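Fold and contact review
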Amino acid sequence: MKPAIQRTELRTYYYTPVHCPFCGKRVMGADPADETRITACAHTLFIAHDTAIEYRSPRFDENVSLKGLSDQEVEARWKQDEGGVDGFTDRVTVADAIKVAAYEPEPSAYGSYYGFAPVA
Ligand SMILES: [Zn+2]
């Protein structure tokens, strides 16, 4: 299935900090004291990796039918997807949404996923 969301993949420079394509905000690692801190902007739909969806915006929840679900229910939902978090976040249909997928090289094959979309 062709993903609805437009995808960009980082495979060589997978460690490059990801910034929002719409406002330029660095969404992860912007805080030198805590590089794992997420600093989502208004355009951020989701920030995830292969074992969890770390940040979900209300627009994302609405778009992929996660609204009102508990964290456990959300996890059960993406785990049902054969593509895991990567496949699940490919289902986003928010208009002009862009996903950056950063894959660490084999044998790790660990991925990080960032979703953005313009706001009206
Ligand atoms: Zn932004």
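Above: the structure in question.
Described in the following lines is the structure provided in the data block.

For the largest pocket, the calculated volume is near 430 Å³. If you go around the largest pocket, you meet 21 residues; those closest to its centre are Tyr14, Tyr15, Met28, Ser112 and Tyr114. When residues of the lining of the largest pocket are traced back to their parent elements, those giving at least two are strand E2 (44–49), strand E4 (98–103) and strand E5 (111–116). Residues of the lining of the largest pocket, tallied by class, amount to twelve nonpolar, five polar and four charged.

Attention now moves to the coordination of the zinc ion. Every protein donor of the zinc ion is listed here as Cys20 (SG), Cys23 (SG), Cys41 (SG) and His43 (ND1), and their distances to the metal cover 2.1 to 2.3 Å. Each of the four donor atoms bound to the zinc ion contributes to angles spanning 103 to 114°, and the resulting shape is tetrahedral. Motif for the zinc ion, donor spacing along one chain: C-x2-C-x17-C-x1-H. Of this pair, cysteine 20 sits in the loop between strand E1 (6–10) and E2 while cysteine 41 sits in the loop between E1 and E2; the two residues are 21 residues apart in sequence, bridging distant segments of the chain. Neither residue differs from the other here; cysteine 20 and cysteine 41 are each classed as buried.

If you walk through the whole model with that rule in mind, you get eleven salt bridges. Here arginine 7 makes a salt bridge to aspartate 90, at a shortest N to O gap of 2.9 Å. With arginine 7 in strand E1 and aspartate 90 in the loop between helix H3 (84–89) and E4, this pair connects stretches of sequence that are 83 residues apart. By relative accessible area, aspartate 90 is classed as buried at 14%. Where aspartate 81 meets arginine 91, a salt bridge forms, and the shortest distance between an N and an O atom there is 2.4 Å. Here aspartate 81, found in the loop between helix H2 (71–79) and H3, pairs with arginine 91, found in the loop between H3 and E4; they are ten residues apart in sequence, far enough to count as distant. Judged by its relative accessible area of 41%, arginine 91 falls in the partly exposed class.

To continue, consider the nonpolar core. Core analysis: the largest hydrophobic core is formed by 19 residues, its most contacted members being Leu45, Ile53, Phe60 and Val92. When contributions to this core are tallied by element, the ones reaching two or more residues are E2, H2, H3 and E4. Counting residues per element, this core draws most heavily on E2, which supplies three residues. In this view, isoleucine 53 contacts Ile47, Ala48, Phe60, Val74, Trp78, Val85 and Phe88; residues no more than four positions away in its chain are not counted. In terms of nonpolar packing, the next biggest core, distinct from the first, is built from eight residues, Cys20, Val27, Cys41 and Val100 among them.

What counts as what
Residues numbered from 1 in each chain as written. Predicted model: local features only at pLDDT ≥ 70, side-chain atom pairs only at ≥ 80, totals over all residues. Heavy atoms only, no water. 1 Å grid on protein atoms, 1.4 Å probe; cavity = no way out; pocket = protein on both sides within 12 Å on 5 of 7 lines; lining within 4 Å. Points joined across faces, edges and corners; volume = space filled by probe spheres on them. Helix = DSSP H or I, 4+ residues; strand = E, 2+ residues; numbered from the N terminus. Nonpolar A, V, L, I, M, F, W, Y, C, P; charged D, E, K, R; others polar. Donors = N, O, S within 2.8 Å, 3.2 Å for Na, K, Ca; no water. Tetrahedral: all angles 85-135°; square planar, octahedral: opposite > 155°, others 65-115°. Buried < 20%, exposed > 50% of the residue type's maximum accessible area, 1.4 Å probe, protein only. Salt bridge = Lys/Arg side-chain N within 4 Å of Asp/Glu carboxyl O. Core = buried A, V, L, I, M, F, W, Y, C linked by side-chain atoms within 4.5 Å. Contact = heavy atoms within 4.5 Å.

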